[in-house]
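Here is how the chains run, residue by residue.
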Protein chains: 2
Amino acid sequence: MLAAARAAFAERGYDGASIRGIATAAGVDPALVHHYFGTKEGLFLAAVEAPGDPDEFLPEVLAAPPDQRGAAVVGMVLRVWDGPGRSAVLALVRSAVNHERSARLLREFVLTKIIRRVVGSLDVPREEREARGALVASQVAGLVLMRYVLKLEPLASAPREEVVAAVGPTVQHYLTGDVLLPGRRD
Amino acid sequence: MLAAARAAFAERGYDGASIRGIATAAGVDPALVHHYFGTKEGLFLAAVEAPGDPDEFLPEVLAAPPDQRGAAVVGMVLRVWDGPGRSAVLALVRSAVNHERSARLLREFVLTKIIRRVVGSLDVPREEREARGALVASQVAGLVLMRYVLKLEPLASAPREEVVAAVGPTVQHYLTGDVLLPGRRD
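Scoring rules and cut-offs
- Residues numbered from 1 in each chain as written.
- Chains lettered and ligands numbered in written order.
- Predicted model: local features only at pLDDT ≥ 70, side-chain atom pairs only at ≥ 80, totals over all residues.
- Heavy atoms only, no water.
- UniProt positions renumbered as here; feature names shortened; annotations may be inferred.
- Helix = DSSP H or I, 4+ residues; strand = E, 2+ residues; numbered from the N terminus.
- Domains from an automatic or database assignment.
- Buried < 20%, exposed > 50% of the residue type's maximum accessible area, 1.4 Å probe, protein only.
- Polar contact = N/O pair within 3.5 Å; in protein donor to acceptor, adjacent residues only side chain to side chain.
- Contact = heavy atoms within 4.5 Å.
- Buried area = accessible area lost by both parts, 1.4 Å probe.
- Salt bridge = Lys/Arg side-chain N within 4 Å of Asp/Glu carboxyl O.
- Nonpolar A, V, L, I, M, F, W, Y, C, P; charged D, E, K, R; others polar.
- Core = buried A, V, L, I, M, F, W, Y, C linked by side-chain atoms within 4.5 Å.
- Expected span 1.5 Å × (residues − 1).
- Arc of directions from axis to C-beta.

(A) Here's a closer look at the UniProt feature "DNA-binding region" (unreviewed entry) in chain A. If you check UniProt for "DNA-binding region" (unreviewed entry), the listed places come out as residues 18-37 of chain A in our numbering. Secondary structure content for residues 18-37 of chain A is 80% helix and 0% strand, and the end C-alpha separation is 13 Å.

See below:
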């Protein structure tokens with residue numbers, strides 16, 4: 001079912017895919033899909049989480065020394081994108097750029113499942129966390145966009161280690177560095 | 001004519017495409033293309049559906065002191081997005097994320113009309129320019145994605161000056177700082 005869901009979401013986007021179509025492709029009854037995943041949204045999140053379940057890859061990031069957390073984040077994101085889940089993640093990004101609701105879904109997912117856990121693991125003031133997380137997300141998302149979607153060289157072809165060496169320090173700076181954070185009241 | 005132009009620019013890049021070739025593909029006289037679009041640049045801007053002409057907003061960026069070029073780039077991008085052209089730019093980004101050919105067009109546009117001119121105005125070695133430009137693009141594109149598309153707070157609501165203060169130093173670092181650049185052979 002998840003494989004069929006990923007294919008459907010990758011080919012047709014969130015709005016174009018249907019539980020009925022996915023069930024047919026998987027050779028099961030639509031009621032079974034509803035039983036396991038509830039709504040299409042639930043199925044979508046499950047399909048998206050499957051190629052890179054944060055519970056699988058986050059512990060490694062969180063185990064990195066605090067001053068190497070930035071490089072660990074970049075390395076983790078590149079490994080997920082270079083892995084077999086790329087087409088499903090790309091479908092997620094496409095949906096998010098095209099549809100307000102998908103954008104909300106992705107934002108919720110990235111915020112609650114990834115950013116808050118990475119930033120929350122660091123010794124930074126609570127009121128700085130949201131801004132630091134958003135800045136990290138801006139750099140990481142842009143890197144993904146340039147390397148995998150627009151395929152801008154040399155980012156598109158460079159080995160992962162070189163990309164980590166170039167961008168990791170920026171993410172580290174946003175995580176723990178001396179940044180003029182937006183949205184502060186002081 | 002525009003369809004032929006899009007195909008040509010996407011396949012051969014800005015430098016490789018010619019008005020003569022585009023006119024032939026469209027089955028019209030080159031003089032007609034010149035009549036409607038003036039130069040190749042005019043045709044390119046129309047093909048990309050660029051919401052603004054870089055010649056209008058780039059001079060201000062290029063006039064900023066070299067050590068404030070990063071902040072100038074971020075400020076310029078935010079002004080364009082906060083202006084009346086936002087929906088047109090968003091359409092451009094959506095198209096690029098959805099279609100390989102649009103992605104190539106946007107990449108050509110951003111590369112030849114913006115990045116190369118900003119990076120080319122700086123005193124950095126020629127062989128570093130492509131990588132520095134790509135890194136700048138990654139940060140700026142991600143910022144746009146988070147602020148205007150995913151609407152991640154506090155980036156979505158923060159005043160432009162605060163965003164420039166937070167992200168400008170990163171862009172400056174990529175432009176002129178001590179970065180381990182990807183794609184180098186040394």
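(B) Fine view of the domain arrangement of chain A. Here chain A is described as being made up of domain 1 (2-47) and domain 2 (53-176). Of note, the centres of domain 1 of chain A and domain 2 of chain A, computed from C-alpha atoms alone, are 26 Å apart.

(C) Geometry of the side chain of Q139 of chain A. In this fold, Q139 of chain A is placed in helix α9 (residues 129-149). For Q139 of chain A, a relative accessible area of 0% gives the class buried. A polar side-chain atom of Q139 of chain A sits 2.8 Å from a polar atom in the side chain of Y174 of chain B.

(D) How the structure looks around the interface of chain A and chain B. Each side of the interface is counted separately: chain A has 43 residues, and chain B has 43 residues. Interface of chain A and chain B: buried area, both sides summed, is about 3700 Å²; carbon and sulfur atoms make up 66% of it. It is V97, L150 and L152 of chain A that lose the most area in chain A upon contact with chain B, and together they represent 16% of the buried surface on that side. Between K151 of chain A and E100 of chain B there is a salt bridge, and its shortest N-O distance comes to 3.7 Å. Inspection of the chain A/chain B interface yields 13 residue pairs in polar contact (both at pLDDT 80 or more). Taken together, the elements giving at least two residues each to the side of chain A that touches chain B come down to α7 (86-98), α8 (100-120), α9 and α10 (160-176) of chain A. No other element matches α9 of chain A, which puts 13 residues into the side of chain A that touches chain B. When grouped by side-chain class, the residues that make up the side of chain A that touches chain B number 28 nonpolar, 7 polar and 8 charged.

(E) Quick peek at unusual backbone geometry. All names here are of chain A. Across the junction of E153 and P154, the peptide omega takes the value 0°, indicating a cis bond. For P154, the location among the structural elements is in the loop between α9 and α10. Not every positive phi belongs to a glycine, and K151 is a case in point at roughly 55°. Following the sequence through the fold, K151 ends up in the loop between α9 and α10.

(F) Spotlight on the environment of V77 of chain B. All names here are of chain B. For V77, the location among the structural elements is in helix α6 (residues 69-82). V77 sits 67 residues away from V144 along the chain, and the two C-alpha atoms are 8.2 Å apart. Setting aside its immediate chain neighbours within four residues, V77 contacts V140 and V144.

(G) Up close: the nonpolar core. With 137 residues, the main nonpolar core has V167 of chain A together with F9 and V167 of chain B as its most contacted residues. Beyond its immediate stretch of four places on either side in the chain, F9 of chain B contacts Y14, A17, I22, K40, L43, F44, A47, L105 and E108 of chain B.

(H) Here's a closer look at helix α7 (residues 86-98) of chain B. Taking 1.5 Å per residue as the helical rise, α7 of chain B with its 13 residues ought to reach 18 Å, and the 18 Å between its terminal C-alpha atoms agrees with that figure. Of all the residues in α7 of chain B, the buried ones are V89, L90, L92, V93, A96 and V97 of chain B. Looking down the long axis of α7 of chain B, one finds its buried residues gathered within 155° of arc, a one-sided arrangement. Buried residues along α7 of chain B sit in contact with α7 and α9 of chain A together with α4 (40-48), α6, α8 (100-120) and α9 (129-149) of chain B.

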